[in-house]
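Residue-level structure breakdown
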Amino acid sequence: MNNRLYGNLIFELSHKGRRGFTLPANDFGEHELPEWTQREKAAALPECDEMTVVRHYTNHSQNNFGVNNGFYPLGSCTMKYNPVINEEMAALPLFQQLHPAQPESTCQGVLQMMYGLQHALTAITGLSAFTLNPFAGAHGELTGLMLIRAYHHEKGEDQRVKVIVPDSAHGTNPASAAVCGLEVVEVKSTADGMVDVDDLRALLDNEVAAVMMTNPNTLGLFERQIPEIAQLVHESGALLYYDGANLNPMLGVCRPGDMGFDVMHINLHKTFSTPHGGGGPGCGPVGVISAMEHLLPSTVVKEDDHYTLRRNHGQEGQTPISVGANAGNVGVMIRAYTYILSLGRENLKMVGPLATLNANYIKEALKDDYLLPIDTVCKHEFVFDGLKDKSNGVTTMDVAKRLLDYGYHAPTIYFPLLFHESLMIEPTENESKETIDAFIACMHRIAQEARTEPDTVKSAPHNTPIGRVDDVLAAKHPILTYRQMTTEEG
Ligand SMILES: *Cc1c(COP(=O)(O)O)cnc(C)c1O
């Protein structure tokens, strides 16, 4: 149904010598760029007039799907609406025109904003201090694990090289531990989807640096045994890490710091509404207990009404932890802080309960047609194991593709790995009852189609600009630039 034929018929838009600008002759004579900074050959960039560029990007943007297009129940990703006021604040010229290297006395406003955000995050989480420096959730995990290593190092416990991660964890947890040079040990889940405390107890010894937990966990279930787990972990001398990417249902309801977590990261680009997807932009602040504050890579501090970005230069003979140049992703911080302040303390407390209500409402309405392996009250998200009636061979992939035809973004599929046909739904708190009811009706309709006309579902999508892509080929032979396409594929 793609009627944007222009973009389809003409693939190569570049023409030698075509330009979208004209510059007046300059009267400064020869430039004096040092030779080593000069290109040897002209950059191989497409050459286009302005209108072609505008059409190219406008057409691309229309082939995309975002929260601003429609319902986006992508489990574990918290694709919540980003209010326009966030964009207005981030676009204020006095924020936008800042340079990261300008003198501190000239950027007190942005430092005050960061200080306020740090403070809000400590109040929301119950931890003692935050750095806003990391650029993503996974980057926050890596930062947190580096802090944990440094903490054990200070105590002379360098033998602590293992990180315990639940089998239901987000893939970034074991990946971050491995990147940090730590050894990953998996702890099992019980049949009802919780961390198996007996299994955990047996794994704890003086080589364990940390246990990473997600709560609510990746199945959307609240881990009820955190106090016992925290006690066990601390008795063994290890630290308890909280993957706070799933903080949304807990906002203002309960605090990781009060539950015994020592280190955590937050995804501002999930819980705090700043937009994300396609790899950026993000911000993964890391919070710690007071005993670890001195290790944080950078924090904004206030002394006599003056704000300073304090970098950690480490103690004598120690390498300081550094996780990125400059202050971090400031635009994301502005949006998150605007979101927190515009909701305010009371409304922030409604986020979690509403997200939880929406998820449970969908789960209950659909469990007649979709297989619910763990049938209990969930938090902000839950996981189906595909259609209940699999007799026609319609898979989770088929259901997800068919949803695209009806104008919905697909839920997260084939994750978590605990089930074969995982379909993970997270509606967030923002959606109206009408939107949610329409989605439920659509899911029922697809289940009906799977019974009566399975081929329609198996060959979906039918209405999107691009049909079903070959995932395996795309992963094994990625074409990452248009040039590769034009030269290799003709
Ligand atoms: C999204 C997510 C992450 C990773 O965050 P990124 O910003 O994508 O690096 C980690 N853990 C959980 C539970 C998540 O949902």
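Please read these numbers as outputs of a predicted model, since none were measured by experiment.

Analysis parameters
Residues numbered from 1 in each chain as written. Predicted model: local features only at pLDDT ≥ 70, side-chain atom pairs only at ≥ 80, totals over all residues. Heavy atoms only, no water. pLDDT = per-residue confidence, 0-100. Contact = heavy atoms within 4.5 Å. Helix = DSSP H or I, 4+ residues; strand = E, 2+ residues; numbered from the N terminus. Pairing = 2+ DSSP bridges. Core = buried A, V, L, I, M, F, W, Y, C linked by side-chain atoms within 4.5 Å. Buried < 20%, exposed > 50% of the residue type's maximum accessible area, 1.4 Å probe, protein only. Axes fitted to C-alpha atoms, helices over the stretch in contact; angles between N-to-C directions. Salt bridge = Lys/Arg side-chain N within 4 Å of Asp/Glu carboxyl O. Phe/Tyr/Trp six-rings, centres within 6.5 Å; stacked < 30°, edge-to-face > 60°.

1. Focus: the confidence of the model for the protein chain
In the predicted model, the protein chain carries a mean pLDDT of 92, and the fraction of residues at 70 or more is 95%. Below pLDDT 50 for its whole length, residues 1-7 participates in eleven contacts with residues either more than four positions away or in separate chains.

2. Observations concerning the environment of Leu387
Counting through the fold element by element, Leu387 comes out in the loop between β10 (382-385) and α12 (396-405). Along the primary structure Leu387 and Leu366 are separated by 21 residues, whereas in three dimensions their C-alpha atoms are 9.9 Å apart.

3. Overview of the pairing of strand β8 (residues 298-303)
On a regular strand, one side chain projects to one face of the sheet and the next to the other, so that they alternate. Bridging between β8 and strand β9 (residues 306-311) involves six bridges; their strand directions are antiparallel. Bridging from a neighbouring strand, Val300 pairs with Leu309 of β9. As consecutive antiparallel partners, β8 and β9 are separated by two residues, and within that stretch Asp304 has a phi angle of approximately 45 degrees, a positive value.

4. Comments concerning the nonpolar core
Looking at soluble globular proteins, one finds that nonpolar side chains tend to be buried together. Core analysis: the biggest nonpolar cluster contains 53 residues, and Leu121, Val211, Leu247, Leu268 and Phe272 have the highest contact counts within it. For this core, the element with the most residues is helix α11 (residues 330-366), which contributes nine residues. Sequence-distant contacts of Leu247, defined by excluding residues within four places in its chain, comprise Ile124, Thr125, Tyr242, Pro256, Met264, Ile266, Thr271 and Phe272. Among the nonpolar cores identified, the runner-up in size contains 26 residues, and Ala169, Ala209, Met212 and Leu239 belong to it.

5. Examining the sheet that holds strand β2 (residues 162-166)
The strand order across the open sheet built from seven strands is β1-β7-β6-β5-β4-β2-β3, with neighbouring strands paired in mixed fashion. Across the chains shown, the open sheet's two edge strands, defined by having one partner strand only, are β1 (129-131) and β3 (183-187). In this sheet, neighbouring strand axes are inclined to one another by 25 degrees on average, regardless of whether the strands run parallel or antiparallel. Looking at chain direction, strand β4 (residues 208-214) and strand β5 (residues 239-244) are connected through five bridges and run parallel. Looking at β5, one finds that Ala210 is bridged to Leu239. Packing against the sheet, helix α6 (residues 137-154) makes contact with β2, β4, β5, β6 (263-266) and β7 (286-288), and its axis sits at approximately 170 degrees to β5. Contacts between helix α9 (residues 226-235) and the sheet are confined to β4 and β5, with β5 contributing the most and set at about 135 degrees to the helix.

6. Looking at unusual backbone geometry
That bond from Asn215 to Pro216 is cis: its omega, -5 degrees, falls within 30 degrees of zero. Residue position: Pro216 is located in the loop between β4 and α9. Note that the residue after Phe415, namely Pro416, is joined by a cis bond; omega there is 0 degrees. Structurally, Pro416 is set in the loop between β11 (412-413) and β12 (422-425). The backbone phi angle of Ser76 is positive, close to 75 degrees, even though this residue is not glycine. Within the secondary structure, Ser76 sits in the loop between α2 (50-62) and α3 (84-90).

7. Comments concerning α12
Of all ten residues in α12, eight are buried; the element is thus mostly enclosed. What α12 keeps buried is the set Thr396, Asp398, Val399, Ala400, Lys401, Arg402, Leu403 and Asp405. Looking at the packing, one finds that the buried side of α12 touches β11, β12, α13 (433-452) and α14 (454-458).

8. Some details on the pattern of salt bridges
Here the structure, examined in full by the defined rule, presents 20 salt bridges. Residue Lys302 is joined to Asp305 by a salt bridge in which the shortest nitrogen-to-oxygen separation is 3.8 Å. Sharing partners across several salt bridges, the network here consists of Lys363, Glu364, Lys367 and Asp375.

9. Describing the packing of aromatic side chains
Considering all chains together, one arrives at nine aromatic pairs under this definition. With a centroid separation of 6.2 Å and an interplanar angle of 85 degrees, the aromatic rings of Phe71 and Tyr408 are classed as edge-to-face. Here Phe71 is found in the loop between α2 and α3, whereas its partner Tyr408 is found in the loop between α12 and β11, with 337 residues between them in sequence. Each member of the pair, Phe71 as well as Tyr408, is classed as buried. Taking the centre distance of 5.4 Å and the plane angle of 75 degrees together, the rings of Tyr408 and Phe439 count as edge-to-face. Of this pair, Tyr408 sits in the loop between α12 and β11 while Phe439 sits in helix α13, placing them 31 residues apart in sequence. By relative accessible area, Tyr408 is classed as buried at 12%. In textbook terms, an aromatic cluster arises when at least three aromatic residues are bridged by ring pairs, as seen for Phe71, Tyr408 and Phe439.

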